Amino acid sequence: MNLDFGSKYDGFRDEVKEFCNHYEGVQLTGTLGTLYGHEEIKNSKKQDLKISIQDWQKILIEHGYFARNIPIKYGGYGDELDIVKNVIITDEFSHAKIPVATGGQGIDFLVPTLLEMGTEEQKNRYIKPALHLDEIWCQGYSEPNAGSDLASLQTKGILDGDEWVINGQKIWTSTAKYAQMMFCLVRTEPDVPKHQGISYLLIPMDTPGIEIRPLVDMTLHAGFNEVFFTNVRIPATNIIGARGQGWLVANKTLTHERSSLGDPNKMVTRFNKLVELMKNESIDGERIIDKPVFRDRLMKTQGKVLALKTHG
Ligand SMILES: Cc1cc2nc3c(=O)[nH]c(=O)nc-3n(C[C@H](O)[C@H](O)[C@H](O)COP(=O)(O)OP(=O)(O)OC[C@H]3O[C@@H](n4cnc5c(N)ncnc54)[C@H](O)[C@@H]3O)c2cc1C
């Protein structure tokens, strides 16, 4: 579907198309690409272009195709919000054979939380390295006895002079092995009702006393980790929001997590890849896309994807 937003936006669409054409077939290098689910671009004319995932992220930001509305001083492109331009970008990218920008815990969850609730100093320090993938973040919420009932978490933080001293354990921590930083929920006020006793702390992962143990799942893949804290000391200022107000901050982060999981643009990109795959693979000498049963299923899926895109 080619959405037409009038001649005012034709020039902008042409610019995006030209960019996509220039970089068609670019392959991302480095382990982070696999970690964040980037797949090899297949069936493109220009297979020889290789760029690191970090450099690709910076190219996208420089052209305004990612972090478009985040201020320049925080490492974004700094444009005014224009929903139509954002729709054109995602529409063109979903059809092009180029990788989309990388998201993840730092970019999708923490950056919007910082923009909303961080101090100016925190925004200046953390947003740009996160957006540019120079600093990878992980999320320290779940514990062995605090999953769905997250507010029961027991990892303790005690203020000692100008430092928090943290002891306890997190579990299911995706990307912890690669992360330089963790945003973490810690019980700092043990004597108040459980939702009021939590603080939202920012922990450098190379702090002495942190041990990361990968959790190998039944596919032999270690996507999750356990993270143990033994007398981990971080500056008292590494806190978002007020002391004891971490539940409020955590829920802001979770709101962004939920919306990033259901991103309709990613769905459209995946659907287009599926169509491509069905055109290129065959069963019994016939292209899959030409087989009525598969074609019928594809059209049902397309209906759902378009509905999601229109309402998303
Ligand atoms: C792909 C993935 C990535 C993740 N990454 C991270 C991460 O980076 N950082 C992080 O902190 N966490 C992460 N998690 C953990 C996740 O956020 C949840 O905390 C966790 O999956 C739920 O906790 P649990 O496994 O202890 O399940 P439990 O809370 O024990 O729940 C087990 C089952 O019991 C049900 N249940 C629980 N309570 C009730 C109730 N009162 N009534 C009825 N049914 C109930 C649940 O619905 C569920 O089906 C990740 C999870 C997944 C799947």
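Residues numbered from 1 in each chain as written. Predicted model: local features only at pLDDT ≥ 70, side-chain atom pairs only at ≥ 80, totals over all residues. Heavy atoms only, no water.

1. Digging into the site of the ligand
Thought 1: Inspection of the region around the ligand gives Gln-105, Gln-139, Tyr-141, Ser-142, Gly-147, Ser-148, Trp-172, Thr-173, Ser-174 and Phe-224 as its neighbouring residues.
Thought 2: The separation between an oxygen atom of the ligand and a polar side-chain atom of Ser-148 is 2.7 Å.
Thought 3: In this structure, Trp-172 approaches the ligand through a main-chain N or O atom, which is 3.2 Å from a nitrogen atom.
Thought 4: For the ligand, whose accessible area on its own is 970 Å², the fraction buried by protein is 37%.
Thought 5: Broken down by class, the residue content of the shell around the ligand amounts to three nonpolar, seven polar and no charged. (Near = heavy atom within 4 Å. Polar contact = N/O pair within 3.5 Å; in protein donor to acceptor, adjacent residues only side chain to side chain. Areas by Shrake-Rupley, 256 points an atom, 1.4 Å probe, with all protein chains shown as cover. Nonpolar A, V, L, I, M, F, W, Y, C, P; charged D, E, K, R; others polar.)

2. Regarding the nonpolar core
Generally speaking, soluble globular proteins have nonpolar side chains that are buried together.
Thought 1: With 69 residues, the main nonpolar core has Trp-56 and Tyr-200 as its most contacted residues.
Thought 2: Broken down by element, this core gets its largest block of residues, six residues, from strand β6 (residues 181–187).
Thought 3: Counting contributing residues per domain, this core is built from domain 1 (1–102) and domain 2 (107–258), each supplying no fewer than three.
Thought 4: One finds Phe-271, Val-275, Leu-298 and Val-305 within the second-largest nonpolar core, a separate group that totals eight residues. (Core = buried A, V, L, I, M, F, W, Y, C linked by side-chain atoms within 4.5 Å. Buried < 20%, exposed > 50% of the residue type's maximum accessible area, 1.4 Å probe, protein only. Helix = DSSP H or I, 4+ residues; strand = E, 2+ residues; numbered from the N terminus. Domains from an automatic or database assignment.)

3. Overview of the pairing of strand β4 (residues 156–160)
Thought 1: Examined bridge by bridge, β4 and strand β5 (residues 163–170) share five bridges and lie antiparallel to one another. Opposite Ile-158, over in β5, you have Val-165 as the bridge partner.
Thought 2: The hairpin formed by β4 and β5 contains two residues between the paired strands, and Gly-161 there has a positive phi angle of roughly 65°. (Pairing = 2+ DSSP bridges.)

4. Overview of the packing of helix α5 (residues 105–117) against helix α6 (residues 120–131)
Thought 1: α6 packs onto α5 with a crossing angle of 155° between their chain directions and a minimal axis gap of 10 Å. In terms of axis orientation, α5 runs roughly antiparallel to α6. As α5 packs across α6, the resulting crossing turns out to be left-handed. Together, Ile-107, Val-111, Leu-114 and Leu-115 of α5 and Gln-122, Lys-123, Tyr-126, Ile-127, Ala-130 and Leu-131 of α6 make up the contact between the two elements.
Thought 2: Here the residues of the contact of α5 with α6 are counted per class, giving eight nonpolar, one polar and one charged. (Axes fitted to C-alpha atoms, helices over the stretch in contact; angles between N-to-C directions. Parallel < 35°, antiparallel > 145°, perpendicular 65-115°, else oblique. Left-handed = near helix turned anticlockwise from the far one by under 90°. Contact = heavy atoms within 4.5 Å.)

5. Remarks on the packing of aromatic side chains
Think of a pair of aromatic rings as described by two things: how far the centres are apart, and how the planes are tilted against each other in angle.
Thought 1: Under the criterion given, the structure shown has eleven aromatic pairs.
Thought 2: Taking 5.5 Å as the distance between ring centres and 80° as the angle between the ring planes, the aromatic pair formed by Tyr-126 and Trp-137 counts as edge-to-face. Taken together, the positions of Tyr-126 in helix α6 and Trp-137 in strand β3 (residues 137–140) put the pair eleven residues apart, joining distant regions of the chain. The burial state of Tyr-126 is the same as that of Trp-137; both residues are buried.
Thought 3: Ring geometry for Tyr-141 and Phe-183: centres 6.1 Å apart, planes at 85°, overall edge-to-face. Here Tyr-141 is found in the loop between β3 and β4, whereas its partner Phe-183 is found in strand β6, with 42 residues between them in sequence.
Thought 4: Sitting above the plane of the Phe-228 ring, Arg-213 keeps its charged end 4.1 Å from the centroid. (Phe/Tyr/Trp six-rings, centres within 6.5 Å; stacked < 30°, edge-to-face > 60°. Lys NZ or Arg CZ within 6 Å of the ring centre and 35° of its normal.)

6. Topic: the environment of Gly-140
Thought 1: Counting through the fold element by element, Gly-140 comes out in strand β3.
Thought 2: Separated by 44 residues in sequence, Gly-140 and Cys-184 place their C-alpha atoms 4.3 Å apart.

7. Points about the pattern of salt bridges
Thought 1: Under the counting rule described, the total for this entry stands at 18 salt bridges.
Thought 2: Here Lys-170 ties to Glu-143 by a salt bridge, and the two come within 2.9 Å at their closest N and O atoms. Pair noted here: Lys-170 is in strand β5 and Glu-143 is in the loop between β3 and β4, with a separation of 27 residues, a long-range link. Comparing Lys-170 with Glu-143 shows no difference in burial state: the two are buried.
Thought 3: Residue Asp-149 pairs with Lys-194 through a salt bridge whose shortest N-O separation is 3.3 Å. Of this pair, Asp-149 sits in the loop between β3 and β4 while Lys-194 sits in the loop between β6 and β7 (198–204), and the two are 45 residues apart along the sequence.
Thought 4: You can call Asp-149 partly exposed: its relative accessible area is 39%.
Thought 5: Salt bridges sharing common partners tie together Arg-13, Lys-17, Asp-91 and Glu-92. (Salt bridge = Lys/Arg side-chain N within 4 Å of Asp/Glu carboxyl O.)

8. Concerning the side chain of Thr-253
Thought 1: Mapped onto the fold, Thr-253 is located in helix α7 (residues 246–261).
Thought 2: Not counting residues within four places of it along the chain, the set of residues in contact with Thr-253 comprises Phe-109, Thr-113, Tyr-141, Phe-183 and Tyr-200.

9. As for the domain arrangement of the chain
Many descriptions give the size of an interface as the accessible area lost when the pieces come together.
Thought 1: Under the domain assignment, the chain is made up of domain 1 (1–102), domain 2 (107–258) and domain 3 (262–312).
Thought 2: For domain 1 versus domain 3, the distance between C-alpha centres works out to 22 Å.

10. Brief notes about unusual backbone geometry
Thought 1: Here the phi dihedral of Leu-133 falls at roughly 65°; this positive angle occurs in a residue that is not glycine.
Thought 2: As for its position among the elements, Leu-133 is in the loop between α6 and β3.
Thought 3: Phi is positive for Leu-220, which is not a glycine, with a value near 70°.
Thought 4: Of the residues examined, Leu-220 reaches a relative accessible area of 74% and is grouped as exposed.

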